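Listed here are the chains, written in short residue letters.
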Amino acid sequence: MASTADELSKLNIIGDWASIAPNLQKNLSLLFPQQVELAKVLVEMGQTHLFQHWSEPGVDDDDDKRAFFDQIAKLNSSYPGGLAAYITTARELLADSKAGKNPYDGFTPSVPLGEVLTYGDDSFVQFEEAGIKEAQKAAFVLVAGGLGERLGYNGIKVALPRETTTGTCFLQHYIESILGFQEARCSLARGDCRAEIPLAIMTSDDTHLRTLELLEKNSYFGMKPTQVKLLKQEKVACFDDNEAHLALDPSNKYRIQTKPHGHGDVHSLLYSSGLLKVWHDAGLRWVLFFQDTNGLLFKAIPAALGVSTTKQYHVNSLSVPRKAKEAIGGITKLTHSDGRTMVINVEYNQLDPLLRASGYPDGDVNSETGYSPFPGNINQLIFEIGPYLEELTKTGGAIKEFVNPKYKDATKTAFKSSTRLECMMQDYPKTLPPSARVGFTVMDAWLAYAPVKNNPEDAAKVPKGNPYHSATSGEMAIYRSNSLILRKAGVKVDDPFIQVFNGQEVEVWSRVVWKPKWALTFSEVKRKVSGNCSISQKSMMAIKGSNIALEDLSLDGALVIEAVDGAEVKVGGSMQNKGWSIENVDYKDTSIPEEIRIRGFRFNKVEQLEKTYTEPGKYSLTP
């Protein structure tokens, strides 16, 4: 270990460490020069407690000691600024937390500028058309670091069926939607389809291998493997106390305890991987961020992207109307007494007291519209790449963090369990200059927002009238959205009936689904529907093909129609059969697959008309 000895002499630390960290000093000969450098960082940052239990070389497993520094190296390299920056930031934030400091002290809230869209009107259609054109310059980023445990599902969330009429999982739907944009772009470019729309997926230790396996098993759902890039998020170190002493893993004294850092890591990963620069240099203009289980999102993306390009927003938050005090954050403009301004998401539990402290005695209340004037944040974001890359080059991808320790008592001197710093992707605008153009686009929740995150028991406890955000409500929201879109296109769709599944009262609309290639925009739906079409409440219809037109169709039953791209099919006439019935299932019945029982229902395929066209040509389907 001559190199280590040389390193120690250069650092001039042998004598110092003998008194500060004697157990570490005794083991320095085991370490490589780079590990000694990391040891120095830990000592300088007041972390000598980590070595108090270390034995003499050769007594304990020396490999564990080297493995300890392998982990330290990973924690150091994966955080912008390294471990020293992480610990320094933690000390500042923990001191603020103990003192009860208000992060918004000195700021006054107001409603920012943004667009409020009404689905299907002329303005909405124009924004959709602009968005479809801009899709040729877009890249998509899926934040998918979580498992479905909170849902009562043991797989990764993106593998969960979005709806159970076709069984299409979330990841397949997302990829097929992006491919739909790609195809629409080809049409606009008159067949010039050389460019492909890239997709990055942020994974975690929990989801990385399973996401890769899902993609490979299904041939990337039609995407080229080169279009998809997986970026694995690393965890961050935990702290034991207000002095930011790193916490040792209770089950391994040679390991630091770690926890997830939050989805804000997506920014540093895009930057450090070089992917953002690759996209920028390839001429792309937009990055669209989306979450793992919002089955409606892609219905809203074309118009939201159209708003971004028309208004030239650097940051555009896709939002939904929110009721005052509803448990989602509000998009808010904050103006500081020193003149600084920023447009960011303010969490719902902070917005009301912030308003009350700023001259609004009633706090967060609904306006004459019946909703809060502060739109609801749903973490679907559109950034312009140029300014985004410029900002991340300054910050190294670091996002403003927060800490949320659970204290044992009012003295705030001890934690119930270790804590760590966290960051959220929507906090990116906190570091932007006032000149940055930050806005929002509001669309109805029935069109844009139906996340799947609560298990049946938790969802059943949600107060009546509030969204369940469960697998049950998420699937029913898809049928509702498609039925309402068809209504706006002129189809007579029966009213829903109310039914209870897994203790949740939901509207059951006609079970209508279509592949993204059939229609991405309202204009496309209108072009493919003509005459007097009607769909009964008991009906199920699945459209799987791009050139399928509905003309004077009266459906009272189940219809599944699939066609290759070169097949043009007109579907019409009065179609009647016994259809698919809905059966209640008990979420506690373990004989039923998880992905079904967490919904509380399944379909009994009594009778259906199913037709598949495998050859190009013109066809007519009538009874």
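Before going into details, it helps to say that this report is about the structure given with it. Quick caveat: nothing in here was measured; it's all calculated off a predicted structure.

**Description of the side chain of Asn-27**
- Inspection of the secondary structure assignment puts Asn-27 in helix α3 (residues 22-27).
- With relative accessibility at 0%, the residue Asn-27 sits in the buried group.
- Beyond its immediate stretch of four places on either side in the chain, Asn-27 contacts Trp-54, Ser-55, Glu-56, Pro-57, Asp-62 and Lys-65.

**Focus on the sheet that holds strand β24 (residues 540-544)**
- Strand order in the open sheet formed by four strands is β21-β24-β26-β30, and the pairing between neighbours is parallel. Two strands in the sheet have a free side with no partner beyond their single neighbour: β21 (511-514) and β30 (609-613). Geometrically, the sheet is characterised by an average inter-axis angle of 5 degrees between neighbouring strands, direction not taken into account.
- Summarising the sheet, β24 and strand β26 (residues 558-563) pair through five bridges and their orientation is parallel. By the bridge assignment, Ala-542 is partnered in β26 with Val-560.
- Of the strands in this sheet, β21 and β24 are in contact with helix α17 (residues 471-488), which crosses β21 at around 80 degrees.

**Remarks on the layout of surface pockets**
- Within this model, the second largest pocket holds a volume of roughly 1200 Å³.
- In terms of lining, the second largest pocket is formed by 42 residues, of which the most central are Tyr-371, Ala-445, Trp-446, Pro-467 and Arg-480.
- Mapped onto the lining of the second largest pocket, the elements with two or more residues apiece are β17 (438-442), α15 (445-448), α17 and β20 (504-508).
- In terms of residue count, the dominant contributor to the lining of the second largest pocket is α17 (five residues).
- Here the lining of the second largest pocket is built from residues that sort into 25 nonpolar, nine polar and eight charged.
- A domain-level breakdown of the lining of the second largest pocket finds at least three residues from each of domain 2 (96-453) and domain 3 (461-621).

**Digging into empty space enclosed by the protein**
- Tallying each qualifying case throughout the model produces six cavities of 30 Å³ or more.
- Its boundaries defined by the atoms lining it, the largest cavity holds a volume of some 180 Å³.
- The wall of the largest cavity is formed by 17 residues, among which Phe-298, Lys-299, Trp-514, Ala-519 and Leu-520 lie closest to the centre.
- Of all the secondary structure elements, the ones that give two or more residues to the lining of the largest cavity are α8 (170-188), α12 (297-311) and α18 (522-527).
- Among the residues forming the lining of the largest cavity, the class breakdown is nine nonpolar, four polar and four charged.

The rules behind each value
Residues numbered from 1 in each chain as written. Predicted model: local features only at pLDDT ≥ 70, side-chain atom pairs only at ≥ 80, totals over all residues. Heavy atoms only, no water. Helix = DSSP H or I, 4+ residues; strand = E, 2+ residues; numbered from the N terminus. Buried < 20%, exposed > 50% of the residue type's maximum accessible area, 1.4 Å probe, protein only. Contact = heavy atoms within 4.5 Å. Pairing = 2+ DSSP bridges. Axes fitted to C-alpha atoms, helices over the stretch in contact; angles between N-to-C directions. 1 Å grid on protein atoms, 1.4 Å probe; cavity = no way out; pocket = protein on both sides within 12 Å on 5 of 7 lines; lining within 4 Å. Points joined across faces, edges and corners; volume = space filled by probe spheres on them. Nonpolar A, V, L, I, M, F, W, Y, C, P; charged D, E, K, R; others polar. Domains from an automatic or database assignment.

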